[in-house]
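Spelled out from the first residue to the last, the chains are:
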Amino acid sequence: MQIILVSRTKKVPKTLDLASRGMRWRIGALAAIAVGTCMAMGAVMALVVASPRDQALAQVRKLEQTIDQQNQQLVEVKRDAQRNLDALAIKLGQLQAQSTRLNALGERLAQMGKLDNGEFDFDQAPPVGGVEDSSASSYTLPQSLESSIDQLSSQFDAQQAQLTALQSLLMDARIESNLKPTGMPVQGYISSYFGVRPDPFTGHAARHTGIDIAVPLGTPVHAVAEGMVTFAGIRTGYGKVIEIDHGNGYMTRYAHNSKLIAHPGQRVRVGDVISDAGSTGRSTGSHVHFEVWFKGRVVNPLAYVRSHR
């Protein structure tokens, strides 16, 4: 079998002899190449068409894996947050209990300080004020927990302010109490009171500027208030005298002593021994003549003696 190829030009026609083995191999090879080329082109076309979808599916699977990981992390965060909230709630309860104890302590201090009712009301916050600071960073907590913490914080601030003021007031009251003559310089009976009385030597009416407290010779005499010794010596009629200036308008005088222990310039406190009782000066027996002066005027010491009882 032969195939004759005729050209439109005037070239000589070509003859293909199919009976030749070499010709058949060449035609078969050309056919195989053609088939392979078609298959390759089909595969390329398939990849071009299917690639975007496969890429999208791969991205979706990747996103799903990321979401699963984030969900697991979120579960852990929620667990940690819940543990933190539980710890905060426990701490909040402890702080509230401490606040209650502080209130009770403040009320007892107010009672011990003999303050007027209502002067320190620990159920009410003290009046305060200030400029609002809008530059503070914000944060969020559960509404109930945040409200409780804010309320407790305000309560602690109020208690701090009240206790500070109470401490200052009690300190001032204690200082004032220590500087004010209170009680007896010795333990004994009052043998002569303040005011007009018959003079023990002349019998004539005379003004007695203090009280006389009868005690045995050598009995220790105590300062009735804190102050500075301004005089320790002998005065006419008084014998051996100790005088103490208490710095708040008060001055006390202890007369007829047998021995002077304190000296001028010495600071004494309540209860310090300043002398020994005796009968020096114009005296009929061992006793302590006790005077109280306020702002330059002698006053009845009996009121200060009785205020201690």
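Our structure's up above, just so we're on the same page.
Reading the values: the criteria
- Residues numbered from 1 in each chain as written.
- Predicted model: local features only at pLDDT ≥ 70, side-chain atom pairs only at ≥ 80, totals over all residues.
- Heavy atoms only, no water.
- Helix = DSSP H or I, 4+ residues; strand = E, 2+ residues; numbered from the N terminus.
- Buried < 20%, exposed > 50% of the residue type's maximum accessible area, 1.4 Å probe, protein only.
- Contact = heavy atoms within 4.5 Å.
- Areas by Shrake-Rupley, 256 points an atom, 1.4 Å probe, with all protein chains shown as cover.
- Salt bridge = Lys/Arg side-chain N within 4 Å of Asp/Glu carboxyl O.
- Pairing = 2+ DSSP bridges.
- Phe/Tyr/Trp six-rings, centres within 6.5 Å; stacked < 30°, edge-to-face > 60°.
- Lys NZ or Arg CZ within 6 Å of the ring centre and 35° of its normal.
- Polar contact = N/O pair within 3.5 Å; in protein donor to acceptor, adjacent residues only side chain to side chain.

A. Molecular detail of the overall build of the protein chain. Helix and strand content of the protein chain: three helices and 14 strands. Here the protein chain, with 309 residues, has 25% of them falling under the buried criterion. For the protein chain, restricting intrachain contacts to residue pairs at least 6 apart in sequence, the fraction spanning at least 24 positions comes to 61%. Summed over all atoms, the accessible surface of the protein chain reaches about 21,300 Å², with 57% contributed by carbon and sulfur.

B. Representation of the pattern of salt bridges. Enumeration according to the criterion identifies eight salt bridges in this entry. Arg-197 is the partner of Asp-212 in a salt bridge, and the nearest nitrogen-oxygen pair spans 3.4 Å. You can see Asp-212 sitting in strand β6 (residues 211-214) and its partner Arg-197 sitting in strand β4 (residues 195-198), a full 15 residues away along the chain. Here Glu-226 ties to Arg-267 by a salt bridge, and the two come within 3.0 Å at their closest N and O atoms. Of this pair, Glu-226 sits in the loop between β7 (220-222) and β8 (227-235) while Arg-267 sits in strand β11 (residues 267-268); the two residues are 41 residues apart in sequence, bridging distant segments of the chain. Through salt bridges with shared partners, a single network forms among Arg-235, Glu-243, Arg-253 and Glu-291.

C. Examining the pairing of strand β13 (residues 287-294) more closely. The buried fraction of β13 amounts to six of the eight residues, a majority that puts the element mostly inside the structure. Judged from the four bridges that link them, β6 and β13 form a sheet pairing that is antiparallel. Bridging from a neighbouring strand, Asp-212 pairs with His-289 of β13. Two elements, strand β10 (residues 250-260) and β13, share six bridges in a ladder whose sense is antiparallel. Of the residues in β13, the one forming a bridge with Met-251 is Trp-293. Where β13 meets strand β14 (residues 297-299), three bridges bridge the pair, whose relative direction is antiparallel. Residue pairing for β14: Val-292 is matched across the bridge by Val-299. Hairpin connection between β13 and β14: a loop of two residues separates the two successive antiparallel strands, and Lys-295 in this loop has a positive phi of roughly 55 degrees.

D. Region of interest: the packing of aromatic side chains. By the definition in use, this model includes three aromatic pairs. Consider the rings of Tyr-250 and Tyr-304, whose centres lie 5.6 Å apart with planes at 85 degrees: the pair is edge-to-face. Here Tyr-304 lies in helix α3 (residues 302-306) and Tyr-250 lies in strand β10, a separation of 54 residues in the sequence. With respect to class, Tyr-250 is no different from Tyr-304; both count as buried. An angle of 35 degrees between the planes, with centres 5.5 Å apart, marks the rings of Tyr-254 and Phe-290 as tilted. With a gap of 36 residues between them, Tyr-254 in strand β10 and Phe-290 in strand β13 connect regions that are remote in the sequence. A single burial state applies to Tyr-254 and to Phe-290, both of which are buried. By the ring-pair criterion, three or more aromatic residues cluster together here, those being Tyr-250, Phe-294 and Tyr-304. Residue placement shows Arg-235 over the ring face of Phe-231; its charged tip is 4.0 Å from the ring centre. A cation over a ring is seen here: Arg-253 above Tyr-238, with NZ or CZ 4.9 Å from the ring centre.

E. Fine view of unusual backbone geometry. Its identity is not glycine, yet His-256 carries a phi of approximately 65 degrees, on the positive side. Assignment of secondary structure puts His-256 in strand β10. Here His-256 falls in the buried class, since its relative accessible area comes to 5%. The backbone of Lys-295 shows a phi angle near 55 degrees, a positive value even though the residue is not glycine. By secondary structure assignment, the location of Lys-295 is in the loop between β13 and β14.

F. How the structure looks around the side chain of Ser-275. Within the fold, Ser-275 resides in strand β12 (residues 273-277). Taking the relative accessible area as the measure of exposure, Ser-275 reaches 0% and is therefore buried. At 2.6 Å, the side chain of Ser-275 and the side chain of Asn-257 are in polar contact. Setting aside residues no more than four positions away along its own chain, Ser-275 makes contact with Thr-219, Pro-220, Val-221, Ile-242, Asn-257, Lys-259, Leu-260 and Ile-261.

Geometric descriptors of this kind do not, in isolation, establish any biological role.
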